[in-house]
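# Examining the three-dimensional arrangement
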Amino acid sequence: QDRSIDAADLAALSGRTVAVIGFGNQGAAQAANLRDSGHAPVVGNRDDAYAEAAAEEGFDLRSITEASAAGDVVLLLVPDEVQPDLVRDEIAPGLRAGDVLVVASGYNWHFGLLDVPDGVDVVMVAPRMIGAAVRDRYVDRHGFPCFVSVERDATGRAWDTTLAVARAIGGTLGGAIVSSAREETALDLFSEQAVWPAILDVVRTAHRVAIEAGFSEEAVLNELYLSAEPAEVFAHVARDGLFGQLGLHSRTSQYGQLRALTGLDERGELASRFARVMHDDILSGAFAREWSRPEAGERLDALHREVAASPIAAAEAEVRARLGA
Ligand code: NDP
């Protein structure tokens, strides 16, 4: 079957009712894009401020149960942590053989936490973009990267539906990427559990070492991140390349950076730690089991309290107050 993006047309949606469950970050953006693509969805949301927003914007607003029953193609756009219970209690009862459940993140499906009736297709259309930008980049036709996959093809036409949904929300404008729930989940968790903790640790350690060397809190914190210079550098990494952006720095800086980088061991301790996170924590399912336990939320709160009491957090609060930053 031709999975190329050129093959993505909207025909697979014609005559089918699309339901958007959850009118939050992704839900509001994707519903608006679907409507502008000619497939105005019914919207299912609890009766509160988000529901009011959907009604004010002129969407056909229903309860989650009613919208799920009305939808032939149902987009699951509520937070990952509430999906297993919501699917079991309010969404699955409305799904019939031939319907399609569309997830925007692979986590729950990959770890077996979604109970979807037999005969229902399960597909993934996962924008790599925050909701507000999903809308803005549809409107200005810039598009955004989007991972797509078919997880269960009960009807034999799940790819057509996947690509039609991706196209209708603007996910093929920048080229959709054929992936899988497993890949999307593993890479997402890997960024969160390997890459970002390492970056946070680099900043925290650099702060400690520079303060111990006798430099001032405001100078150190501005050098490290309060100036927002790292954000500028990362924007250029995306635009000009990981090493292509080096040309924007002074030659002294370039020499210092490259000389230090070649001294680092690409296959050393960091690589072993990253591999452990990928295999032992993520792919084994150990992290997902831990995060599903009822006490995990309390541990998250405790971890937040722990970092809030760390020296760099206290210094940051003090410098911000002093500089009005
Ligand atoms: P939000 O937190 O913005 O979703 C909020 C929506 O979910 C609201 O409509 C809210 O309704 C509803 N909701 C929350 N709790 C419940 C509940 N217990 N029962 C019923 N409805 C509830 O989610 P996102 O848009 O951020 O995420 C949706 C999906 O998109 C997730 O799978 C996420 O992984 C994925 N995704 C998110 C991205 C992002 O940038 N945010 C990027 C790519 C994918 P209420 O009005 O009742 O609160």
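Values in this document were obtained by computation on a predicted structure and should not be read as measured data. (Residues numbered from 1 in each chain as written. Predicted model: local features only at pLDDT ≥ 70, side-chain atom pairs only at ≥ 80, totals over all residues.)

## Let's talk about the domain arrangement of the protein chain
Looking at the assigned domains, one finds that the protein chain contains domain 1 (5-179) and domain 2 (184-323). A separation of 33 Å is found between the C-alpha centroids of domain 1 and domain 2. When residues of the side of domain 1 that touches domain 2 are traced back to their parent elements, those giving at least two are helix H5 (107-110) and strand S6 (121-127). Grouping the amino acids of the side of domain 1 that touches domain 2 by side-chain chemistry returns 5 nonpolar, 4 polar and no charged. (Domains from an automatic or database assignment. Helix = DSSP H or I, 4+ residues; strand = E, 2+ residues; numbered from the N terminus. Nonpolar A, V, L, I, M, F, W, Y, C, P; charged D, E, K, R; others polar.)

## Details of the confidence of the model for the protein chain
Averaged over all residues, the pLDDT of the protein chain equals 95, while 98% of them reach at least 70. With a pTM of 0.91, the predicted complex shows an ipTM of 0.97. (pLDDT = per-residue confidence, 0-100.)

## Digging into the sheet that holds strand S4 (residues 73-76)
One open sheet holds the 8 strands; their spatial order is S3-S2-S1-S4-S5-S6-S7-S8, and the pairing between them is mixed. One side of each edge strand has no neighbouring strand; the edge strands of this open sheet are strand S3 (60-62) and strand S8 (176-178). With direction set aside, neighbouring strand axes in the sheet form an average angle of 25 degrees. With 4 bridges connecting them, S4 and strand S5 (residues 100-103) associate as parallel partners. Across the sheet, the residue bridging to Leu76 is Val103, located in S5. (Pairing = 2+ DSSP bridges. Axes fitted to C-alpha atoms, helices over the stretch in contact; angles between N-to-C directions.)

## Structural notes on the environment of Pro93
Checked against the element boundaries, Pro93 lands in the loop between helix H4 (83-91) and S5. For Pro93, a count of 12 C-beta atoms within 10 Å gives the class exposed. As a C-alpha pair, Pro93 and Val116 span 23 residues in sequence and 9.3 Å in three-dimensional space. (Buried ≥ 20, exposed ≤ 12 C-beta atoms within 10 Å, placed from the backbone.)

## Describing helix H11 (residues 251-263)
An α-helix turns once every 3.6 residues. As a result, residues three or four positions apart point the same way. Compared with the 18 Å implied by 1.5 Å per residue over 13 residues, the 18 Å span of H11 between its first and last C-alpha is a close match. Sparse coverage of H11 is indicated by the burial of 0 of its 13 residues. (Expected span 1.5 Å × (residues − 1).)

## Re the environment of Ala19
Structurally, Ala19 can be placed in strand S1 (residues 18-21). By C-beta crowding, Ala19 is classed as buried, having 27 other C-beta atoms within 10 Å. Ignoring any residue separated from it by four or fewer positions in sequence, one finds Ala19 in contact with Pro41, Val42, Gly44, Ala67, Ser68, Ala70, Gly71, Val74 and Leu75. (Contact = placed C-beta atoms within 7 Å.)

## What about the nonpolar core?
Formed by 60 residues in total, the largest nonpolar core has its most connected members in Ile21, Val74, Leu76, Val102 and Val125. Ranked by residue count, the leading element in this core is helix H7 (residues 158-168), at 7 residues. In contact with Val125, other than residues within four places in its own chain, are Val102, Ala104, Cys146, Val148, Thr162, Val165, Ala166, Ile169 and Gly171. (Core = buried A, V, L, I, M, F, W, Y, C linked by C-beta atoms within 7 Å.)

## So, the pairing of S1
On S1, burial covers both faces: Val18 and Val20 on one face and Ala19 and Ile21 on the other are all buried. Relative to S4, S1 is paired through 4 bridges, and the arrangement is parallel. Note on S4: the bridge partner recorded for Val20 is Leu75.

## Observations concerning the site of the ligand
Neighbouring the ligand are 22 residues, the closest being Gly24, Asn25, Gln26, Tyr50 and Ser105. For the shell around the ligand, the secondary structure elements donating two or more residues are helix H1 (25-36) and S6. Looking at the shell around the ligand residue by residue, the class counts come to 11 nonpolar, 8 polar and 3 charged. (Near = placed C-beta within 6 Å.)

## Describing the pairing of S6
Taken across its 7 residues, S6 has 7 buried, putting it largely inside the fold. Neither face of S6 is open: one carries Asp121, Val123, Val125 and Pro127, the other Val122, Met124 and Ala126, and all of them are buried. Looking at chain direction, S5 and S6 are connected through 4 bridges and run parallel. Each residue of the ladder has a partner; that of Val102, found in S6, is Val123. One ladder, built from 6 bridges, connects S6 with strand S7 (residues 146-152); its direction is antiparallel. What sits directly across from Pro127, in S7, is Cys146.

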